[in-house]
Amino acid sequence: MSVSSSATATVGPRSVALIGPYGSGKSSLFEALLAAAGSPLRRTVDPRNRSMSTELRLGHCTFLGDPWSIVDCPGSVEFVYETSSALAAVDLAVIVCEPSPDRLSTLPLLMRALEERGIPHLVFVNKIDMLTTDPADLEAALQAHSKFPIALRQIPIREGDHVTGYVDVVRACAYRYGGASNPEPAELPAGLRATEEHALAHLTEVLADQDDELLEKVLEDVEPTRDELYSHLRKDQATGTIVEVLVGSAVHGHGILRLWKALRHDVPPARKSAERHGVAAGDQPLLQIFKTVQAGKLAFGRVWRGVLHDGATLGSTRVSGISRIVAGEQIRIADAEAGELVAIGRLDGVPTGAVLGASGAESLPFPEPPPPVFALAIATKDRKDDVKLSAALHKLLEEDPALAVEHNVETGETVLHGQGEIHLNFALDRLATIYNLAVAATTPKTPYKETIKKVVTQHSRLKRQTGGHGQFADVKLEIAPRARGEGFAFTDKIVGGAVPKQYIPAVHDAAEDAMQKGPFGYPVVDVAVTLLDGTFHTVDSSDMAFKTATRMGVTEALSKAEPVLLEPIDHVTATVPNSFTAATQRLLSGRRGQILGYSERPGWPGWDEVEALVPAAELHDLIMELRSDTMGLGSYRRHFDHLAEARGAVAEKLAH
Ligand SMILES: Nc1nc2c(ncn2[C@@H]2O[C@H](COP(=O)(O)OP(=O)(O)O)[C@@H](O)[C@H]2O)c(=O)[nH]1
Ligand SMILES: [Mg+2]
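Criteria and cut-off values
Residues numbered from 1 in each chain as written. Chains lettered and ligands numbered in written order. Predicted model: local features only at pLDDT ≥ 70, side-chain atom pairs only at ≥ 80, totals over all residues. Heavy atoms only, no water. Patch = residues over 30% accessible without salt bridge, like charges linked within 9 Å, V, L, I, M, F, W, Y side chains within 5 Å. Areas by Shrake-Rupley, 256 points an atom, 1.4 Å probe, with all protein chains shown as cover. Salt bridge = Lys/Arg side-chain N within 4 Å of Asp/Glu carboxyl O. Lys, Arg positive; Asp, Glu negative; His and termini not counted. Charge placed at Lys NZ, Arg CZ, Asp CG, Glu CD. Helix = DSSP H or I, 4+ residues; strand = E, 2+ residues; numbered from the N terminus. Buried < 20%, exposed > 50% of the residue type's maximum accessible area, 1.4 Å probe, protein only. Axes fitted to C-alpha atoms, helices over the stretch in contact; angles between N-to-C directions. Parallel < 35°, antiparallel > 145°, perpendicular 65-115°, else oblique. Left-handed = near helix turned anticlockwise from the far one by under 90°. Contact = heavy atoms within 4.5 Å. Nonpolar A, V, L, I, M, F, W, Y, C, P; charged D, E, K, R; others polar. Pairing = 2+ DSSP bridges. Near = heavy atom within 4 Å. Polar contact = N/O pair within 3.5 Å; in protein donor to acceptor, adjacent residues only side chain to side chain. Core = buried A, V, L, I, M, F, W, Y, C linked by side-chain atoms within 4.5 Å. Domains from an automatic or database assignment.

Draft legend 1. Inspection of a negative patch on the surface at higher detail. Side chains of D212, E213, E216, E220 and D221 sit close together on the surface and give a patch of like negative charge. Within the fold, D212 resides in helix α7 (residues 212-219). Residue classification places D212 among the exposed positions, given a relative accessible area of 61%.

In structure tokens form, the structure reads like this:
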């Protein structure tokens with residue numbers, strides 16, 4: 001095919017993102033689209049990177065004279081924020097899926113995000129060579145997940161076990177997939193004539209629903225011309241009010257040119273996307289960073305307005321080293337037009353999502369990171385690296401806002417939060433390879449506590465004679481339980497100077513200090529200590545002596561006061577499609593959760609929120625099981641609710 005620039009007036013640079021469930025063939029399609037446009041990736045794609053599919057890839061090409069930027073997004077739900085960020089930069093999303101209703105997995109989440117954000121999207125049903133179900137079932141399944149009408153543009157032709165071509169619904173013509181990528185016209189199989197007519201009628205109806213003039217024609221039985229249909233398709237697809245469906249096979253090169261033509265016709269021009277995005281008019285260059293890779297060495301951004309010249313200063317940031325990625329190679333360019341996605345070298349300290357403009361005051365929408373659902377405690381293998389670690393973590397968070405770091409004062413651990421095991425391991429991998437930091441990762445500790453259930457009065461005396469003068473202190477203490485959450489309290493009930501005033505602060509301090517570690521080894525909470533009485537010695541008593549006597553007394557009293565373990569209980573809200581509500585309740589009660597109930601998820605028809613109180617210790621790997629029970633769709637958020645007494649086997653296990 002011809003890839004040289006044609007005489008057609010260009011609409012300027014445009015961009016699309018390839019998104020879809022894991023393994024649906026986005027990366028294969030990325031390569032197929034670039035190859036069909038005459039810019040194939042050189043076969044040096046590292047198979048390891050390819051299979052990881054954790055980071056998005058950017059590629060540039062020209063198709064029939066139009067410049068294109070294409071983004072290949074990771075499919076795993078753990079990297080959903082990457083996809084989310086890329087969607088903030090493109091004119092249209094191509095949803096790549098497999099031709100089977102039960103392989104659509106995370107598609108509902110993606111559809112939902114596109115609809116909420118008003119991003120035009122179409123569907124490419126890939127792996128059509130593997131089609132086993134009735135295309136009508138697939139169409140119905142897609143429609144079930146889409147708020148906007150689905151419009152099938154092609155009907156696959158099946159001969160025996162093979163898909164050999166397709167019927168173009170609007171043209172009412174059949175094509176046979178060629179050996180190369182060009183399809184050849186073929187006879188429309190008699191058995192598909194009715195299907196084609198039905199699909200065309202449906203398509204016309206869908207378009208008529210969006211346009212009164214067309215509706216009138218249809219009602220008057222005037223058949224709209226093919227050109228009319230095309231122009232309505234273009235308009236509705238560009239505004240995101242219909243979702244076209246095309247079919248093909250990325251690895252066989254089938255349907256790729258057809259997809260290119262659909263993109264060429266139906267992807268809105270960059271200025272339309274700028275309007276949708278709320279970009280103020282003008283010609284001052286405006287750039288938004290949607291992805292940072294390799295520790296800030298490379299950033300990907302979209303030029304939203306104006307022309308970005310290499311070396312320009314936007315606000316306080318100098319933007320230099322702008323390039324396109326052609327055939328897998330970075331090619332330096334002198335300037336980039338509005339609508340282009342570009343790679344930029346060295347943008348130190350510019351976080352993902354940043355907007356760079358002359359005024360420095362413009363803002364553009366960018367997605368919020370999802371709430372963290374998985375965590376690991378991390379520690380340097382060499383303590384000398386601690387300072388380096390906090391600097392590296394800071395960088396890592398700038399690059400990937402879906403990561404979070406918390407210094408847990410209760411357990412003393414540095415905890416890295418994110419979207420799952422692969423997501424966090426990928427971050428740890430970068431710490432090792434880019435920052436040369438060896439870090440050990442473990443399951444974060446649960447901040448258990450202890451308390452007591454009985455009132456105990458304790459007498460404690462320190463009397464020591466060592467060489468010169470001795471040490472003497474004598475206290476009578478009472479320790480008593482307090483209500484949950486009331487904390488520690490100290491009361492001094494000494495009368496008549498049995499313990500002189502000057503020693504009281506020492507007693508108070510030592511009593512509080514003794515709470516740091518109870519009989520089971522955990523911090524003690526909600527205890528009242530009262531100093532009832534005592535005696536002293538004019539020479540041998542000291543702060544030190546009173547501290548020692550108090551600490552011994554409190555420690556002994558705690559073990560006699562029926563100590564119990566307290567475990568943190570979190571309030572968990574799981575969000576799942578309602579077909580999984582019962583399974584999710586079982587999952588949470590299986591983790592010692594107390595189910596509070598469920599309700600419809602606000603604004604999400606067909607979804608529920610299941611609420612439960614679950615011991616924090618049971619939540620570490622909850623997300624793995626929740627995802628596997630819900631086809632990857634379920635998620636949850638949590639917050640601390642209360643401390644509860646641990647009983648039975650749990651208490652026994654902890655009280656070693
Ligand atoms: N049969 C068939 N396999 C395909 C097709 N496209 C991709 N695949 C295979 O599906 C697997 C996943 O593809 P990949 O492009 O990595 O998926 P991604 O996770 O969406 O990027 C790979 O083994 C591909 O070779 C296709 O059209 N037909
Ligand atoms: Mg991939």
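The rest of the description comes next.
Draft legend 2. Region of the structure containing the environment of A136. Looking at the element boundaries, A136 is found in helix α5 (residues 135-145). Between the alpha carbons of A136 and I155 there is a distance of 9.4 Å; along the sequence they are 19 residues apart.

Draft legend 3. Just the packing of helix α6 (residues 193-208) against helix α8 (residues 226-239), in detail. Between α6 and α8, the shortest axis-to-axis distance is 10 Å and the interhelical angle comes to 55°. Taken as axis vectors, α6 and α8 run oblique relative to one another. The hand of the α6/α8 crossing is left-handed. Judged by residue contacts, L200, L203, T204 and L207 of α6 engage L229, H232, L233 and D236 from α8. By residue class, the composition of the contact of α6 with α8 is five nonpolar, two polar and one charged.

Draft legend 4. Fine view of the sheet that holds strand β8 (residues 162-168). Read across the open sheet, the four strands follow the order β7-β8-β9-β10; overall the sheet is antiparallel. The sheet terminates laterally at β7 (154-159) and β10 (184-186), the two strands that pair on one side only. For this sheet, the mean inter-axis angle between neighbouring strands, taken without regard to orientation, is 40°. Examined bridge by bridge, strand β9 (residues 173-176) and β10 share three bridges and lie antiparallel to one another. Its bridge partner lying in β10, A174 is registered against A186.

Draft legend 5. Main features of the site of ligand 1. In the region of ligand 1, 15 residues are neighbours, and G25, K26, S28, D129 and S249 sit closest. In this structure, a nitrogen atom belonging to ligand 1 sits 3.1 Å away from a side-chain N or O atom of N126. A distance of 2.7 Å is found between an oxygen atom of ligand 1 and a side-chain nitrogen or oxygen belonging to S249. Taken by itself ligand 1 offers 580 Å² of open surface, and the protein chains cover 75% of this. Sort the elements by how many residues they give to the shell around ligand 1 and helix α1 (residues 26-36) lands first, with three residues. Within the shell around ligand 1, the residues separate by chemical class into three nonpolar, eight polar and four charged.

Draft legend 6. Local environment of the nonpolar core. By size, the foremost hydrophobic cluster in this structure holds 65 residues, and its most contacted members are I19, V71, V123, V125 and L142. With five residues, α6 is the single largest residue contributor to this core. For this core, the two domains that each supply at least three residues are domain 1 (14-275) and domain 2 (284-324 + 338-357). Those residues in contact with V123 that lie beyond four places of it in its chain are I95, C97, M111, L142, V243, E244, V245 and L246. Counting residues in hydrophobic clusters, the runner-up holds 34 residues, among them V576, L588, L622 and L633.

So yeah, pure geometry; function would need other evidence.
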